[in-house]
Amino acid sequence: RRTDDQNMDLGLESSLWVGNKRYRAVLTGWHFKWTEVDKKNRDKKTVLVPVAEVAGVEEGRVEILPQKSVEDTDKDFTVFYVKRSSGGGSYGLLWRLGRIQFSCASRVLRDQWTKHLRAALKTHSPLRPHRLLVFINPFGGKKKGRQIYHSLVAPLFELAGISSHVIVTERANQARDHLLKKDLTGFDGVVCVGGDGMFSELLHGLIGRTQQEAGLCENDPAVALQPCPLHIGIIPAGSTDCVCFATVGVVDPVTSALHIIIGDSQPLDVCSVHDVSAQVRYSVSLLGYGFYGDVLAESEKHRWMGPLRYDYSGAVVYLSNRSYSGIVQYLPADPLLSSPRDKTRCLAGCSVCSRSTERLFPHSSDSGSLYSSHFSQFSTDSEGEWVSVEGRFRCVSLTCMSSSCARSPLGLSPSAHLADGTGDLILVWDTHPLGFLKFLYRHTSTQDQFDLPFVEVHRVKAVRFSVPSGREEQEYEEIGGFSSEIDEGQRECVDTVSRNGSQQHLAQRAMTSERKAATPFLCGLCCKKSPSVSVWNCDGEILPFTKIVCK
């Protein structure tokens with residue numbers, strides 16, 4: 001921490017001109033402000049900018065966006081800073097690159113200002129990145145990833161003095177494999193230019209590499225994984241950009257780039273998904289079975305349609321009127337800390353997440369790290385008693401964030417928290433098609449989607465899901481031709497998982513176990529035999545297993 005004398009060394013005050021108007025500019029170390037002064041030396045309008053939000057300082061008259069232009073003059077300098085504006089209906093704020101050109105009385109004074117401002121940036125913005133590894137997905141969304149990066153993001157990184165190593169991916173999982181195997185020395189973070197799928201690749205690569213270097217086994221559900229030392233930045237260029245929307249509040253490349261430049265960070269909860277004893281995937285947004293799994297599986301048949309395939313597939317699956325039998329077990333979180341129905345919104349500086357981070361990581365000094373799931377929290381029964389429910393479900397969803405996006409501004413669970421060590425489990429029981437349509441429609445409005453008799457939501461720390469006995473043989477045949485045989489080691493693990501936990505409570509539902517699967521209520525395209533099992537949608541990727549353990 002710098003002393004007051006050191007901060008005073010960074011201070012500077014003088015008269016500067018913007019066009020024909022005179023300003024009194026003051027740099028205090030932490031803030032840079034300029035006040036318009038009239039002819040009688042009276043103060044008028046003042047603009048105050050935190051030094052931490054100054055993006056860059058350039059000599060001369062400089063323009064960055066939409067195209068860079070430089071007019072080299074001896075007595076002028078240009079300051080670029082974060083300028084906030086309305087988010088246009090979303091709950092976040094658009095950030096724009098503010099720009100002001102000052103004229104000085106002499107070149108010596110100009111050089112003093114640029115030197116002091118750059119020194120203040122270095123002193124009061126220690127978390128800013130200097131070197132980034134950038135992955136661009138040229139196929140995601142509207143296939144504009146390269147254009148977005150080179151026209152909007154790269155000029156901002158150059159302005160901020162950030163050097164970037166750019167890789168344009170040519171195949172699936174290329175970014176993940178690079179992060180797992182290549183030397184990352186010297187990089188302060190990684191950036192994905194793409195959608196949620198690209199973010200998931202980087203997430204898996206960084207978490208996997210961190211565990212490898214720590215000598216830990218990702219596939220062991222009892223292992224407490226290490227947090228990743230590198231941060232992930234997101235430049236939205238995908239179809240939904242759910243992770244970006246839920247963390248930043250808007251889907252805008254310039255806003256995201258400015259957050260990266262000034263060193264903003266947000267810890268995230270990460271859910272691990274295990275099939276029996278093997279780790280399958282990590283999830284930060286949606287883990288969905290039933291409707292959301294079927295929509296993803298159907299959409300894979302129509303990739304040629306682009307983002308429209310999700311609308312089409314959603315309609316097809318809805319008209320198919322499917323529901324699935326399942327057994328859901330969950331470990332409830334402490335209801336005194338927070339609730340999925342408390343109407344709060346998790347934003348930067350959230351008190352619930354801050355208290356949870358201090359409780360879960362009492363010795364962590366980097367609050368901006370991307371934290372993994374807390375496996376050791378669930379290896380014993382001391383955390384509480386498991387609750388078990390069984391019946392037929394339209395969908396079973398687990399989300400570690402609100403999962404909001406442009407089409408669903410409040411998301412799947414509006415009050416979910418980004419970094420409190422919990423997830424929200426949403427159970428939608430089998431119901432009439434019009435009732436389910438009401439549930440889906442409420443995601444596009446401000447109405448409470450949980451205020452329906454067939455919907456439950458629980459804040460949880462762990463979840464287990466399985467299909468009722470007698471359906472396992474059909475399960476592997478219907479979701480991808482997996483063998484229905486389970487070796488002895490897997491059977492032992494299944495027995496261990498089923499016995500783990502304290503005395504289980506069975507919340508009985510008024511429905512018989514012999515109830516037949518729902519049949520489509522409309523004929524034509526959707527009239528075909530309904531499968532007895534669905535698939536899991538894990539952040540936009542299909543998991544061909546039904547029995548899972550999530551922590």
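- Looking at an unreviewed UniProt entry, one finds the protein named DAGKc domain-containing protein, with Amphiprion ocellaris as its source organism.

## Quick notes on the overall build of the protein
Now for step 1: Assigned secondary structure in the protein consists of 13 helices and 24 strands.
Now for step 2: Across the 551 residues that make up the protein, the buried fraction comes to 53%.
Now for step 3: Summarising the internal contacts of the protein: among those between residues at least 6 apart in sequence, 73% fall at separations of at least 24.
Now for step 4: Accessible surface, the protein as shown: approximately 26,000 Å² in total, 52% of it carbon and sulfur.

## Some thoughts on the packing of aromatic side chains
Now for step 1: Within the structure shown, the criterion is met by 16 aromatic pairs.
Now for step 2: Measuring from centroid to centroid gives 5.9 Å for Phe32 and Phe102, while their planes differ by 70°, and the two rings are edge-to-face. Residue Phe32 is found in strand β3 (residues 31-37), and its partner Phe102 is found in strand β9 (residues 94-103); the two are separated by 70 residues along the sequence. A single burial state applies to Phe32 and to Phe102, both of which are buried.
Now for step 3: Note on Tyr289 and Trp536: the rings are 5.0 Å apart at their centroids and 45° apart in plane angle, and the pair reads as tilted.

## So, the packing of helix α8 (residues 291-299) against helix α9 (residues 308-320)
Now for step 1: Packing of α8 against α9 brings their axes to within 8 Å, and their N-to-C directions diverge by 125°. The orientation of α8 with respect to α9, classified from their angle, is oblique. Crossing geometry of α8 relative to α9 is assigned as right-handed. Within the contact between the two elements, α8 uses Phe291, Asp294, Val295, Glu298 and Ser299 and α9 uses Arg309, Tyr310, Ser313, Gly314, Val316, Val317 and Tyr318.
Now for step 2: Counted by class, the contact of α8 with α9 contains six nonpolar, three polar and three charged residues.

## Re helix α4 (residues 174-181)
Now for step 1: Considered for burial, the residues of α4 that qualify are Gln174, Ala175, Asp177, His178 and Leu179.
Now for step 2: Contacts made by the buried residues of α4 are with β10 (131-136), β11 (163-168), β12 (189-194) and α5 (196-214).

The rules we used
Residues numbered from 1 in each chain as written. Predicted model: local features only at pLDDT ≥ 70, side-chain atom pairs only at ≥ 80, totals over all residues. Heavy atoms only, no water. Helix = DSSP H or I, 4+ residues; strand = E, 2+ residues; numbered from the N terminus. Buried < 20%, exposed > 50% of the residue type's maximum accessible area, 1.4 Å probe, protein only. Contact = heavy atoms within 4.5 Å. Areas by Shrake-Rupley, 256 points an atom, 1.4 Å probe, with all protein chains shown as cover. Phe/Tyr/Trp six-rings, centres within 6.5 Å; stacked < 30°, edge-to-face > 60°. Axes fitted to C-alpha atoms, helices over the stretch in contact; angles between N-to-C directions. Parallel < 35°, antiparallel > 145°, perpendicular 65-115°, else oblique. Left-handed = near helix turned anticlockwise from the far one by under 90°. Nonpolar A, V, L, I, M, F, W, Y, C, P; charged D, E, K, R; others polar.

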